[in-house]
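# What the coordinates show
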2 protein chains.
Amino acid sequence: MSARNVLVTGGAGFIGCHMCERLAARGDRVVVADNLLLGRREHLAMLEGGDFRFAELDVADGAALDTLFAEERFDAVVHMAANSDIATSHANPRVDLVNTFQTTFAVLDAMRRHGVKQIVFASTSAIYGEAKGAIPEDHGPLVPISHYGAAKLASEGFIASFAENYGMQAWIARFPNVVGDRSTHGAIHDFARKLAATPGRLEVLGDGTQIKPYIHADDLVDAILLAWERMDARVNIFNVGGLTRLSVRRMAEIVVEESGGNARIDYTGGDRGWIGDVPSVEYDTALIRSLGWTPRLDSEGAVRAAARWALDHNG
Amino acid sequence: MSARNVLVTGGAGFIGCHMCERLAARGDRVVVADNLLLGRREHLAMLEGGDFRFAELDVADGAALDTLFAEERFDAVVHMAANSDIATSHANPRVDLVNTFQTTFAVLDAMRRHGVKQIVFASTSAIYGEAKGAIPEDHGPLVPISHYGAAKLASEGFIASFAENYGMQAWIARFPNVVGDRSTHGAIHDFARKLAATPGRLEVLGDGTQIKPYIHADDLVDAILLAWERMDARVNIFNVGGLTRLSVRRMAEIVVEESGGNARIDYTGGDRGWIGDVPSVEYDTALIRSLGWTPRLDSEGAVRAAARWALDHNG
């Protein structure tokens, strides 16, 4: 595959920085657009000195994007900018409206105006809502229960209509929980922070029975790049996620184990941590596995690696 | 069912005015919010003097909605405000972003702030994109090909997340082509206008083979009110549409027949009238029919009634 000029929105974020490193490693020019609200400039340290540019801007700002697209001649956009903190938007649904959906619309409209034809999109299993069983890509109806899921579904809708209307091609990865180094929030971080504050006790929201698959960011990026290379429909939708599942209880135990301490774990009770949280996620990844993808780490391995990093960085 | 105070957004539009009349007939107070961009004040003539209020405002304008919600204590919102002209938004995708999607978000956010718990939503078969066969409600994946379909899918997503987050209940009617009196645009109107200009010849975009079910607005409103009364999940999604299908060719013939003239019909060729048009729609309405609904007019009857009205009003 020849070198391309790729815009990675949200590239300073947790998953974004892993994506940027992989693109740079294969020889692409990488341009990151990020408002540094959730992303961190230092996550991109490994790209400095290479064919790399960092543009600090809000991806929902169409005028700022327009300038960037005019300066660069992008071959493709990997669109990862989003609000990634599902729990917070209950109090303010505009957070996901603007940061998760309007970012997508702004990117699509810039692509339309500047003739960019490829978009790779970080979607989510949250668009499936509380669907039961191993969810395949053709599951319906889609009834998200979080604004984050709604905003990602809204994004998918416009990606599809832009693809059809302006001859673009899209790769849409729907994934649940991703963990790994440079992650900035989520349960593993909460646990690490709590342990730093009170080493003898770890309070866990809910009853710890929520059970989900976890995937390491590097394995996720592998899957996305493989799909981008191999799938060739106008709109390519695929699930990707850990092949095994892990309970929040086991996750808490792993974090305590990795901390080297012996903290007591207390549960607040209830079958979910916050409104919009999905208690049990199961996931059909047959499509991406049929292309030869398999994760190097299982859920426990991914969580353990992430826990080590979070503990080393004080949450 | 006791009388309610119902906000009908887009109530001066084609389908909206039929809905308003039915709500008024069952004793509800009806408040219409409409910017009169596509709607017409005179469509609501039958409601004047009753328990009725007309508020000229843009439903995407959250502040205007906020004032209206503070003045009225709504029991429910029937949200029909949207861009209804699918073909135009190819050139400007912001039309559907603002008029079809942001209207929905603004309505939902006003409902959240003012504690309104019921929303009835006019969705569309366009969210299914080019799906083949008789499409059921659980069809997936949803890959809309028009911005209109994308904006309605985006609306459905946020309706679902608002319902979950704030204890609302939603009825989502997904329907294809609706025809009838007070319609303001669409193929029947184009044909009537063309015949008025050149009575001897009717030019039809495409090859006339596009085949779709048509439903009369009154039959659609029947289905929506029945679902609202009988379906009781948090988010109730149902298809509704004509049970028979009609080709564009037959539609053109009906308009010519009803005109009393003998115009020659010419076809421009191609399997669709515009980008985003879906050449063949088939539709599974088993769910709403299982509740006892059946349309009074078949596709031909509905189109014939609409053609008479359009011809009487010079398109």
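Throughout what follows, the structure given in this document is the object of discussion. (Residues numbered from 1 in each chain as written. Chains lettered and ligands numbered in written order. Predicted model: local features only at pLDDT ≥ 70, side-chain atom pairs only at ≥ 80, totals over all residues.)

## What to know about the sheet that holds strand E1 (residues 5-9) of chain A
Residue and element names in this part refer to chain A.
- Read across the sheet, 7 strands follow the order E3-E2-E1-E4-E5-E7-E12 without closing on themselves; strand pairing throughout is parallel. The open sheet terminates on both sides in strands that have one partner only, identified here as strand E3 (52-56) and strand E12 (235-239). Taken over all neighbouring pairs, the strand axes of this sheet differ in orientation by 15° on average, direction set aside.
- Judged from the 5 bridges that link them, strand E2 (residues 29-34) and E3 form a sheet pairing that is parallel. Bridge assignment links Val31 to a residue of E3, and that residue is Arg53.
- Contacts between helix H4 (residues 147-166) and the sheet are confined to strand E5 (118-124), strand E7 (169-175) and E12, with E5 contributing the most and set at about 155° to the helix. (Pairing = 2+ DSSP bridges. Helix = DSSP H or I, 4+ residues; strand = E, 2+ residues; numbered from the N terminus. Axes fitted to C-alpha atoms, helices over the stretch in contact; angles between N-to-C directions. Contact = placed C-beta atoms within 7 Å.)

## What about the sheet that holds strand E3 (residues 52-56) of chain B?
All names here are of chain B.
- With parallel pairing, 7 strands are arranged side by side in an open sheet as E3-E2-E1-E4-E5-E6-E11. Since the sheet does not close on itself, it has two edges, and those belong to E3 and strand E11 (235-239), each with one partner. Geometrically, the sheet is characterised by an average inter-axis angle of 15° between neighbouring strands, direction not taken into account.
- The pairing of strand E1 (residues 5-9) with strand E2 (residues 29-34) spans 5 bridges and is parallel. In the sheet register, Val6 faces E2, and the bridge partner there is Val30.

## Quick word on the pairing of E12(A)
Residue and element names in this part refer to chain A.
- Of all 5 residues in E12, 5 are buried; the element is thus mostly enclosed.
- Residues Val235, Ile237 and Asn239 line one face of E12 and the alternating positions Asn236 and Phe238 line the opposite face, and both faces are buried.
- The pairing of E7 with E12 spans 5 bridges and is classified as parallel. Considered in E12, the bridge of Ala173 is made with Phe238. (Buried ≥ 20, exposed ≤ 12 C-beta atoms within 10 Å, placed from the backbone.)

## Examining unusual backbone geometry
Residue and element names in this part refer to chain A.
- Of the consecutive residues Gly140 and Pro141, the connecting peptide bond is found in the cis state with omega at -10°.
- Tracing the sequence through the fold places Pro141 in the loop between strand E6 (134-135) and H4.
- For Leu36, which is not a glycine, the phi torsion comes out positive at approximately 60°.
- In this structure, Leu36 sits in the loop between E2 and E3.
- If you check the backbone angles, Arg182 has positive phi at about 70° while not being a glycine.
- Within the fold, Arg182 resides in the loop between strand E8 (178-179) and helix H5 (187-197).

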